[in-house]
Amino acid sequence: MRITLLCNLDIASNLAANRLITALPEHHFSVLMTAQVGGKSHRPKALEALSFYENTLFTEILFPALISGQKASGKETCEKKGYETPRLLTFDAMQQRGVDIHHVSEINDGNGLSVLERCQPDLILSVRFGRILKTPALDVPKHGVLNLHSGLLPQYRGIMATFWAMLRDESHIGCTLHRIQDGGIDTGDILSTHPIKTDYDLSYFDNMLAIYPAGLDAMIAATKCIADSVALVSIPQNDTQANYYGLPDPASISLFEQKGHRWVIHSNLISLAQRFFPQ
């Protein structure tokens, strides 16, 4: 199948792309990326700092440095020269291996829709994409759209579900694999939910990354079912249990920090960054 992955230009999306593309080598992937989730409105300083760790640190500093280092050492084709390859690939390294990658600001009209139509996907997979899909974008793939939402639905629709769950002292966080059937926000039929225990000894960033692996495995399994013409079972959401959360406001951020929660743990960031270097 031809699969288009919709994601965001951040480290969590990169990890998801690595997992999906590696696990589904028999399919042709294209990737459409937004620069951020939501609009460009002013954000509190804590969220701007978080954006540095989620996005800028990796995509604008580490990844370009890796590319420059490989070119300087003549190791940009390391697999052909016998060098050991990194455990994780940057977006540029994926592109060098034949993955079509496009940066888009919109998806439902204009250039973004044109790019999507040129990709001719049989299936769209969405992880952390920064725009709400509507018609006619939803009409492009014949097998529809599967989204991996970063919260347990329907209780945690919207943005930064892990933050809101930690703020509310939830014992569990998680992700939800669901269909996108219309222009609603996180409202589609659910294929599976994947709760994990909240680890309050870790940071928001660590907990946020931890929710994805089980959901990505479910997305991979669902993709294989679609490729094999096996019907997927899904259930409608119970809207009476639904809550929607937006970006945290200053008061919520202040309470989060007063509770002693951390945004990042630098040693864990270093360990993650090391996974992009050759072993």
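What counts as what
- Counting from 1, residues in each chain are numbered in the order their sequence is written.
- Where local features are concerned, this predicted model is filtered to residues with pLDDT of at least 70; where side-chain atom pairs are given and counted, the filter is 80 or more; whole-chain, interface and lining totals use all residues.
- Heavy atoms from the whole structure form the basis of all side-chain values; hydrogens and water molecules are not counted.
- Patch criteria: residues need more than 30% relative accessible area and no salt bridge. Like-charged residues are merged within 9 Å; nonpolar side chains of Val, Leu, Ile, Met, Phe, Trp and Tyr are merged within 5 Å.
- To measure how exposed things are, a 1.4 Å probe is used in the Shrake-Rupley method; for residues, cover is taken only from the protein chains shown.
- Every case where a carboxyl oxygen of Asp or Glu lies within 4 Å of a side-chain nitrogen of Lys or Arg is listed as a salt bridge.
- Secondary structure elements follow DSSP: runs of H or I of four or more residues count as helices, runs of E of two or more count as strands, with numbering from the N terminus.
- Relative accessibility decides the category of a residue: with a 1.4 Å probe and only protein chains considered, values under 20% of the type maximum give buried, values over 50% give exposed, and everything between is partly exposed.
- Residues are said to line a cavity or pocket when one of their atoms sits within 4 Å of a point; the points come from a 1 Å grid over protein atoms alone, cavities being sets where a 1.4 Å probe fits but cannot get out and pockets being open sets with protein on both sides within 12 Å along at least five of seven lines.
- Grid points are joined across faces, edges and corners, and a volume is the space filled by probe spheres set on the points.
- Residues are grouped as follows: Ala, Val, Leu, Ile, Met, Phe, Trp, Tyr, Cys and Pro are nonpolar; Asp, Glu, Lys and Arg are charged; all remaining types, including Gly, are polar.

A. Inspection of a nonpolar patch on the surface at higher detail. On the surface, Ile132, Ile185 and Tyr244 cluster together to form a nonpolar patch covering roughly 270 Å² of accessible area. Here Tyr244 shows up in strand 9 (residues 244-245). Residue class for Tyr244 comes out partly exposed when judged on its relative accessible area of 48%.

B. Seen up close, the layout of surface pockets. In this structure, the second largest pocket spans a volume of roughly 310 Å³. Taken together, 16 residues form the lining of the second largest pocket, with Leu15, Ala16, Pro213, Leu216 and Arg275 sitting closest to its centre. Of all the secondary-structure elements, those providing two or more residues to the lining of the second largest pocket are helix 1 (11-23), helix 7 (204-210) and helix 8 (212-227). The element contributing the most residues to the lining of the second largest pocket is helix 1, with 6 residues. Along the lines of polarity and charge, the residues of the lining of the second largest pocket split into 10 nonpolar, 2 polar and 4 charged.

C. Structural context of the pattern of salt bridges. Enumeration according to the criterion identifies 8 salt bridges in this entry. Between Arg19 and Asp217 there is a salt bridge, and its shortest N-O distance comes to 2.8 Å. Taken together, the positions of Arg19 in helix 1 and Asp217 in helix 8 put the pair 198 residues apart, joining distant regions of the chain. Residue classification places Asp217 among the partly exposed residues on the basis of a relative accessible area of 37%. The partner of Asp169 in a salt bridge is Lys259, and the shortest N-O contact between them spans 3.0 Å. Here Lys259 lies in the loop between helix 9 (250-258) and helix 10 (266-274) and Asp169 lies in the loop between helix 6 (161-167) and strand 7 (172-179), a separation of 90 residues in the sequence. On the basis of relative accessible area, Asp169 is assigned to the partly exposed category, the value being 48%. It is possible to trace a salt-bridge network through shared partners that takes in Asp10, Glu54 and Arg128.

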